[in-house]
Amino acid sequence: MRILHTSDWHLGRAFHRVNLLQAQAGFIGHLVTTVRERAVDAVVVSGDVYDRAVPPLAAVELFDTALHRLADLGVPTVMISGNHDSARRLGVAAGLIDRAGIHLRTEPSAAGTPVILRDAHGDVAFYGLPYLEPALVKDEFGVDKAGHEAVLGAAMDRVRADLAGRPRGTRSVVLAHAFVTGGQASDSERDITVGGVAAVPAGIFDGADYVALGHLHGCQTLTERVRYSGSPLAYSFSEADHRKSMWLIDLDADGSVTAERVDCPVPRPLARIRGHLDDLLADPELARHEEAWVEATLTDPVRPAEPMARLAERFPHTLSLVFAPERAPDDPRVSYARRLAGRSDEQIAQDFVAHVRGAGPDTAETAVLREAFDAVRADHTAREVAR
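Given the structure is predicted, the values throughout are model-derived calculations rather than measurements.

Definitions and cut-offs
- Residues numbered from 1 in each chain as written.
- Predicted model: local features only at pLDDT ≥ 70, side-chain atom pairs only at ≥ 80, totals over all residues.
- Heavy atoms only, no water.
- Helix = DSSP H or I, 4+ residues; strand = E, 2+ residues; numbered from the N terminus.
- Rg over C-alpha atoms; globule rule 2.2 N^0.38 Å.
- Contact = heavy atoms within 4.5 Å.
- Areas by Shrake-Rupley, 256 points an atom, 1.4 Å probe, with all protein chains shown as cover.
- Lys, Arg positive; Asp, Glu negative; His and termini not counted.
- Charge placed at Lys NZ, Arg CZ, Asp CG, Glu CD.
- Pairing = 2+ DSSP bridges.
- Axes fitted to C-alpha atoms, helices over the stretch in contact; angles between N-to-C directions.
- Polar contact = N/O pair within 3.5 Å; in protein donor to acceptor, adjacent residues only side chain to side chain.
- Buried < 20%, exposed > 50% of the residue type's maximum accessible area, 1.4 Å probe, protein only.
- Core = buried A, V, L, I, M, F, W, Y, C linked by side-chain atoms within 4.5 Å.

*Asks:* Just checking my understanding: could you explain the overall build of the chain for this structure?
*Replies:* Scanning the chain for helices and strands turns up 11 helices and 19 strands. Its C-alpha atoms give the chain a radius of gyration of 23 Å, near enough to 21 Å, the size a compact globule of 387 residues would have. Each of the three principal axes of the chain carries a C-alpha extent, and together these read 70 × 55 × 35 Å. Summarising the internal contacts of the chain: among those between residues at least 6 apart in sequence, 69% fall at separations of at least 24. Surface summary for the chain: the accessible area is close to 18,300 Å², and the carbon and sulfur share equals 51%. Counting 42 positive and 55 negative side-chain charges, the chain places the centres of these two groups 2 Å from one another.

So, in structure tokens, the structure goes:
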């Protein structure tokens, strides 16, 4: 069976206020063409179809167009909801859409109920594990500790139990939206840390022939059977070096996997340039970036006059301007934002405690801070889902 694995469409998302809807429509067209020309038997979309729980109408219309075009090909599609999606909204009319060969899996309770597709060698069971917010699904899975590993492990136990009861030789594909150990994050994924832990081990998926992951935006191979497709478009300048693609997976009769990357169209390349303003404007090596979307980091010791206007004369698609004067880290003039760069909310809170009383939080206090951040994040997720 030939499977096309994609994820993290984030329909409705902009890039530094640049509307990406046309580029996203271009990707959908490329996806449909790939399905047709490469004789794809099934498409899997591993979450974050939309960029937010209540997407703009134009994004919903594009999704509707995508569903119709995939259904017209007669190629089954399996989709799950991600942490950016509202599972309830995405799952509306799932039963009806199912008849058209578009299988939406947004309910955690259905983790052990697969979509069964058949090829010349027998059945392939597709198990959809939507994003599992631990605080919201721990009761469904009967786990005491609300953590990613606990709930995802319980969901995979249901998958393995169902698979064990199926005819011998049944192959399996698991769709999951999670942060798996070994994956490389970018700046554009929403934090899903719970209890100080975001990642789950790849071994949690043992027993599946192929695991189609979503959430991280870089295309990655964790094992031969566990892969991220990444997002089809770049959604932050941290993805400037990404090669955006989908996985074309051939699942053989014995469950072995062969994978090929299929490149996605690039609406405009990204570039990160850094240096003194005058040098950036004069450097001939930067000519290749003149038509790119540009993030410029200026290291001038004193902020230059009209830097954006001057940059735009050479780099008309400059979208982001960062000031990072060349100073020692302990220089009091180093900005607050630079001092906090790369630190989590929890670490910043711990630093604040240390600053105001002269010593950081002890073990018990750290646990209280962690629980507070987890509670706020879980409450935000619950409110998003309820919208």
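Having put the structure on the table, let's press on.
*Asks:* Honestly, the sheet that holds strand β7 (residues 115–119) in this entry has me stumped. Any pointers?
*Replies:* As a general point, the strands of a sheet are linked pairwise by backbone hydrogen bonds and lie either parallel or antiparallel. Read from one edge to the other, the open sheet built from six strands follows the order β7-β8-β9-β12-β14-β13, with strand pairing classed as mixed. Each edge of the open sheet carries a strand with a single partner, namely β7 and β13 (220–223). Between one strand and the next, the sheet's axes are offset by a mean angle of 20 degrees, whatever the strand orientation. When β13 meets strand β14 (residues 226–228), the two strands line up antiparallel, connected through three bridges. What sits directly across from T221, in β14, is R227. Sitting on the sheet, helix α6 (residues 148–164) touches β8 (122–129) and β9 (171–177), and the angle it makes with β8 is about 160 degrees.

*Asks:* How should the side chain of D209 be read in this particular structure?
*Replies:* Relative to the assigned elements, D209 resides in the loop between β11 (199–200) and β12 (210–214). Side-chain polar atoms of D209 contact the backbone nitrogen of S172, separated by 2.9 Å. If we skip the residues at most four places from it in the chain, D209 touches T170, R171, S172, R225, L251, G255 and V257.

*Asks:* Can you help me understand the environment of R52 in this one?
*Replies:* As for its placement among the helices and strands, R52 is situated in the loop between β4 (42–46) and α2 (57–73). Judged by relative accessible area, which is 39%, R52 ranks as partly exposed. Apart from residues no more than four positions distant in its own chain, R52 is found in contact with G12 and H84.

*Asks:* Where do I start with the nonpolar core in this structure?
*Replies:* A general tendency of soluble globular proteins is for nonpolar side chains to be buried together. Residues L129, F141, L152, V174, F205 and L213 are the most contacted members of the largest nonpolar core, which totals 32 residues. Where this core is concerned, the elements lending two or more residues are β8, α5 (134–141), α6, β9, β10 (179–180), β12 and β14. Here L213 is in contact with H5, S7, S46, A176, V180, F205, L222, V226, R227, Y228 and S229, once residues within four sequence places are set aside.

*Asks:* What's the story with the pairing of β7 in this structure? I'm lost.
*Replies:* Within a regular beta strand, the side chains point alternately toward one face of the sheet and then the other, so they alternate between its two faces. Of the two faces of β7, only one is covered, namely that formed by V115, L117 and D119; the face formed by I116 and R118 stays uncovered. Across five bridges, β7 lies against β8 in antiparallel orientation. For V115, the partnering residue across the bridge sits in β8 and is F126.

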